[in-house]
Each structure stands twice: as C-alpha cells, then as structure tokens.
Amino acid sequence: GPILFYLGNEGQVEDFYNNTGIMFEIAPKLKALIVFVEHRYYGATLPFGNESFTRANIDFLNIEQAMADYAVFLDWFRAELGCPEDGCGTVLFGGSYGGMLAAWFRIKYPHLSVGALAASAPVDFYPKTGRQQAFWAATMHTYKKYGTDGCDERVEKAYSELMSRVASGDYAQVSSLLKTCSPVSGTA
C-alpha cells in the first residue's frame, strides 16, 4: 500500500502525531503505512546536539535543509521497505508551515511523492492580492494582544526601519543587520 508521510514542522513530532486524525482515518481503507518525521531543530532532532543553536550551526535550520532531510529519509525508507521504483506511492501531509513544506516538497521532489495535502498552508501570498496585508494585520494583532507591553510597536518600528533602509538602497547595512548568507541587492 501507499505511505502516508507527515512532514514535521515547528514543534516536537509527537504533538502533530497526537493531533492529526485524517491520516489515521484513511490509512486502514488504503492499507497505508503512516510515517511521521520530525523537523530538524525541533523536539529531539538536534543535528549538533547541545551545539545546535550556536551561530555557526543555526544556519542549517532552513526550509531547503528540512526538505532535503525528508527526501533523504524517503529514499532510505523506501529502499528499506524494498519498494520498487514506481511502488509505495507516498502522499505527503502537513498543516500550516508543515503544509507549506508538503506543497513545496511536492514541487521540488515530484519523483518522491504522488500527492500532497497541504492543510491551512498560506502558500498563496502573491503580490497585489491584499493577502500579505491581512496576514500582517493578524500577526500584529497577535503581538499586541499576547506579546509583552509595546511588542507590537517595536516590531512595527523595526519593520519600518528595515523598509526605510531598503528604500534608500542601504543594502550593505540590511545584509549586516540581518546577517544574511549572501549580500542583499536591489534585484529580486
């Protein structure tokens, strides 16, 4: 049967396992195997142990590395199961950030899955649709309601300062402040 593969997101994998009902509802009907894999740097998955969150090692906490982890795991796991090249069809699952990972994984590694269910995944933030502004407003509301006093104002101020530096072409300072891997430039 197929593999129902949950791409872990920002938390320990047990939390997602305990709150993901649909996979367990459909697996018996499909005679499917359910697999959850924890996202690097969350839960017990610390690639450098106690040194995982140092400046030198935290750079490996990114989407590309997480998806590569899942790709390597799936290749290995399918080989362990003895799956033929076109067998053991894998359906990806994820919610919110994990849903975004499932959708992006499907695009980046289409040969490793036959489909993806990306629940509550905000992957459709296209320019000039107003969705970014709605998301920003909801985010700022959360900072105001649940953050420390003045948190929302500090975030707004930092964002305004950043956008001012970008608008003035001060890309070197933006790169320095954000500690980007490669220099920020005026081209997309």
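Residues numbered from 1 in each chain as written. Predicted model: local features only at pLDDT ≥ 70, side-chain atom pairs only at ≥ 80, totals over all residues. Heavy atoms only, no water.

### Some remarks on the packing of helix α7 (residues 151-167) against helix α8 (residues 171-178)
Part 1 of the reasoning: At their nearest, the axes of α7 and α8 sit 8 Å apart, and the two run at 145° to each other. Across from Leu 162, Arg 165 and Val 166 in α7, the residues of α8 making contact are Tyr 171, Gln 173, Val 174, Leu 177 and Leu 178.
Part 2 of the reasoning: Among the residues making up the contact of α7 with α8, the classes are represented as six nonpolar, one polar and one charged. (Axes fitted to C-alpha atoms, helices over the stretch in contact; angles between N-to-C directions. Helix = DSSP H or I, 4+ residues; strand = E, 2+ residues; numbered from the N terminus. Contact = heavy atoms within 4.5 Å. Nonpolar A, V, L, I, M, F, W, Y, C, P; charged D, E, K, R; others polar.)

### With respect to the state of the cysteines
Part 1 of the reasoning: Applying the stated criterion across every chain yields a total of one disulfide.
Part 2 of the reasoning: Between the sulfur of Cys 83 and that of Cys 88 lies a disulfide, 1.9 Å long from S to S. Disulfide Cys 83 to Cys 88: torsion about the S-S bond roughly -90°, handedness left-handed.
Part 3 of the reasoning: By relative accessible area, which is 16% here, Cys 83 ends up buried. (Disulfide = S-S within 2.5 Å. Buried < 20%, exposed > 50% of the residue type's maximum accessible area, 1.4 Å probe, protein only.)

### Describing helix α5 (residues 97-108)
Part 1 of the reasoning: Under the 1.5 Å per step criterion, the end-to-end length of α5 is 16 Å for 12 residues, consistent within 8% with the ideal 16 Å.
Part 2 of the reasoning: Looking at α5, one finds that the buried residues are Tyr 97, Gly 98, Gly 99, Met 100, Leu 101, Ala 102, Ala 103 and Phe 105.
Part 3 of the reasoning: Buried positions along α5 lie against β1 (3-7), α4 (63-81), β3 (90-95) and β4 (115-119). (Expected span 1.5 Å × (residues − 1).)

### What to know about the pattern of salt bridges
Part 1 of the reasoning: All told, the structure shown has four salt bridges when counted by the stated rule.
Part 2 of the reasoning: Taking the shortest distance from any N to any O, the salt bridge between Asp 69 and Arg 40 comes out at 2.5 Å. Of the two residues, Asp 69 is situated in helix α4 and Arg 40 in the loop between β2 (33-37) and α3 (55-58); the sequence distance between them amounts to 29 residues.
Part 3 of the reasoning: Of the residues examined, Asp 69 reaches a relative accessible area of 28% and is grouped as partly exposed.
Part 4 of the reasoning: We classify Arg 40 as buried; its relative accessible area is 12%.
Part 5 of the reasoning: Between Arg 55 and Asp 59 there is a salt bridge; the shortest N-O distance is 2.8 Å.
Part 6 of the reasoning: Each of Glu 161, Arg 165 and Asp 170 takes part in salt bridges that share partners, so that together they form one network. (Salt bridge = Lys/Arg side-chain N within 4 Å of Asp/Glu carboxyl O.)

### Some thoughts on the nonpolar core
Part 1 of the reasoning: In terms of nonpolar packing, the biggest core is built from 18 residues, with Phe 5, Leu 7, Tyr 70, Leu 92 and Phe 105 touching the most fellow members.
Part 2 of the reasoning: Where this core is concerned, the elements lending two or more residues are β1, β2, α4 and α5.
Part 3 of the reasoning: Tallying contributions element by element places α4 first for this core, with six residues.
Part 4 of the reasoning: Look past the residues within four positions of Phe 5 in its chain and what remains in contact with it is Met 23, Val 35, Val 37, Tyr 70, Phe 73, Leu 74, Thr 90, Val 91, Leu 92 and Phe 93.
Part 5 of the reasoning: In this structure, Leu 4, Phe 16, Met 23 and Phe 36 belong to the second largest nonpolar core, which totals nine residues. (Core = buried A, V, L, I, M, F, W, Y, C linked by side-chain atoms within 4.5 Å.)

### Description of the packing of aromatic side chains
Given two aromatic rings, one states the distance between the centres and the angle between the planes to describe the pair.
Part 1 of the reasoning: Evaluation of the coordinates by the stated rule reveals 14 aromatic pairs.
Part 2 of the reasoning: Considering the side-chain rings of Tyr 6 and Phe 36, the 4.9 Å spacing of their centres and the 15° angle between planes classify their relative orientation as stacked. You can see Tyr 6 sitting in strand β1 and its partner Phe 36 sitting in strand β2, a full 30 residues away along the chain. As far as burial versus exposure is concerned, Tyr 6 and Phe 36 are alike and both buried. (Phe/Tyr/Trp six-rings, centres within 6.5 Å; stacked < 30°, edge-to-face > 60°.)

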